[in-house]
Structure formats: C-alpha cells, structure tokens
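An overview of the molecular structure
Here's the letter readout for the chains.
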Amino acid sequence: NDSFKIGLVWHTSSATDSRSMELADFYPLFNINDTKFYSLQKGSGAKQLDSIPNEVEIVNLGNTFNDFSDTAAAIDNLDLVICPDTSVAHLAAALGKHVWILIPKIADWKWLLNTDKTMWYTNAKLFRQNIMNNWNEVIERVSGELHKSVDLINNIS
C-alpha cells in the first residue's frame, strides 16, 4: 500500500520488565493520517490484540512468524519500526531500517545518557522517558515526530 508502514512491538518477554509497554500506549499514533500499522509482537503481549477498540487498525503479522527470519522479512517491507529495547529493535537497526527505540528513564548502559542517538546504529533514534514509568509523554513525542515524518514524505510525493 502507499501508506507509511510502521511495525510495532510493545512488550518484552518479561511482564515485570520496565521496558514493557501496553499496546494501548500506542493508540494515539493510530490517528495519524497516511499510516498503516503492523504488529510484530510475539509471546504473551500479542494477547492484547484481542481487545483493541474497533477504531484501532493494526495488521497482526507476529502470529505468522515461525522464526526470526520471518520477522526480518516483515521488517524489510516496513518504513519504520517503533518499539522498546527488544531484539526486534536490534534486528531492525541491523537491517538498516529506521527504528525508534523507546527506553525507560533508567535505561540499559548501551543507550548512554542524555542523547537521542546511539553509537550502535546510525538509523536508530532513542525516545527516553523523562518521568519514570510514564510512556504517555514518550508517545506524545513519538506522535509529533511521526506527524513530521509523514508530512515530509507527503510533501515530497
């Protein structure tokens, strides 16, 4: 399709992990015009897809993945991946795709401090929590950035 294609992951393998989010945290992004969302989520977090509101449109690709090569093939067809610090973030970045990595206020050492860039991947952008356990303010910044990106693409087209 001609929409800006975005892959999402929201949940890590551990429910108590500070990196995990809820799919509902991403709902504000679904109102952005000219975007199409695809779930790359596997595991227990995928159950959240069963209770999304009717107005939220997301294509569940994760349920078709047999292994990581399937995940890689899906990512290869996307314009952007947005997710917390998971293996999917690293896979997308290693594949050269644009990836926005959402990280908690107290992040892993590899993300350094006070920067939205990473020394590991030139195509990754970090969105850090400013307030512990508050993903809403992170998603607000992601939404603003996504609006700009989609507007830029539409102006070029």
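Refer to the structure printed above.
These numbers come from a predicted model, not from an experiment.

Looking at the element boundaries, Asp85 is found in the loop between strand E4 (80–84) and helix H2 (87–94). Owing to a relative accessible area of 5%, Asp85 belongs among the buried residues under this scheme. For Asp85 and His11, which are 74 residues apart along the polypeptide, the C-alpha to C-alpha distance reads 9.5 Å. In this structure, Asp85 is in contact with Thr12, Arg19, His90, Ile101, Leu102, Ile103, Asp108, Lys110 and Trp111, ignoring residues within four places of it in sequence. Side chain to side chain, Asp85 and His90 meet in a polar contact 3.1 Å long.

Below, the discussion takes up unusual backbone geometry. Of note, the phi angle at Asp34 is positive, near 65 degrees, even though the residue is not glycine. Looking at the secondary structure, you find Asp34 in the loop between strand E1 (4–8) and strand E2 (35–39). On the accessibility criterion, Asp34 (44% relative accessible area) is partly exposed. One non-glycine residue, Asn133, adopts positive backbone phi at about 65 degrees. Within the secondary structure, Asn133 is located in the loop between strand E6 (124–128) and helix H3 (136–156). The class of Asn133 is exposed, set by a relative accessible area of 60%.

Let us now look at a nonpolar patch on the surface. Where nonpolar side chains cluster on the molecular surface, the patch consists of Trp109, Leu112, Met119 and Trp120 and spans about 510 Å² of accessible area. Along the chain, Leu112 turns up in the loop between strand E5 (98–103) and E6.

For soluble globular proteins, nonpolar side chains are generally found buried alongside one another. Counting residues in each nonpolar core, the largest one holds 25 residues, and the members touching the most others are Leu8, Phe26, Leu29, Ile82, Leu102 and Leu146. Of all elements in the fold, only E1, E4, E5 and H3 reach the threshold of two or more residues within this core. Leave out the neighbours within four places in its chain, and Leu146 touches Phe4, Ile6, Leu29, Ile32, Phe37, Leu80 and Trp100. Ranked by size, the runner-up nonpolar core spans 22 residues in total, among them Tyr38, Ala93, Ala124 and Leu126.

With that settled, the discussion passes to H3. Taking 1.5 Å of rise per residue, 21 residues should cover 30 Å, and H3 covers 30 Å from first to last C-alpha, within 8% of that figure. In the core, the buried residues of H3 are packed alongside E1, E2, E4, E5 and E6.

Criteria and cut-off values
Residues numbered from 1 in each chain as written. Predicted model: local features only at pLDDT ≥ 70, side-chain atom pairs only at ≥ 80, totals over all residues. Heavy atoms only, no water. Helix = DSSP H or I, 4+ residues; strand = E, 2+ residues; numbered from the N terminus. Buried < 20%, exposed > 50% of the residue type's maximum accessible area, 1.4 Å probe, protein only. Contact = heavy atoms within 4.5 Å. Polar contact = N/O pair within 3.5 Å; in protein donor to acceptor, adjacent residues only side chain to side chain. Patch = residues over 30% accessible without salt bridge, like charges linked within 9 Å, V, L, I, M, F, W, Y side chains within 5 Å. Areas by Shrake-Rupley, 256 points an atom, 1.4 Å probe, with all protein chains shown as cover. Salt bridge = Lys/Arg side-chain N within 4 Å of Asp/Glu carboxyl O. Core = buried A, V, L, I, M, F, W, Y, C linked by side-chain atoms within 4.5 Å. Expected span 1.5 Å × (residues − 1).

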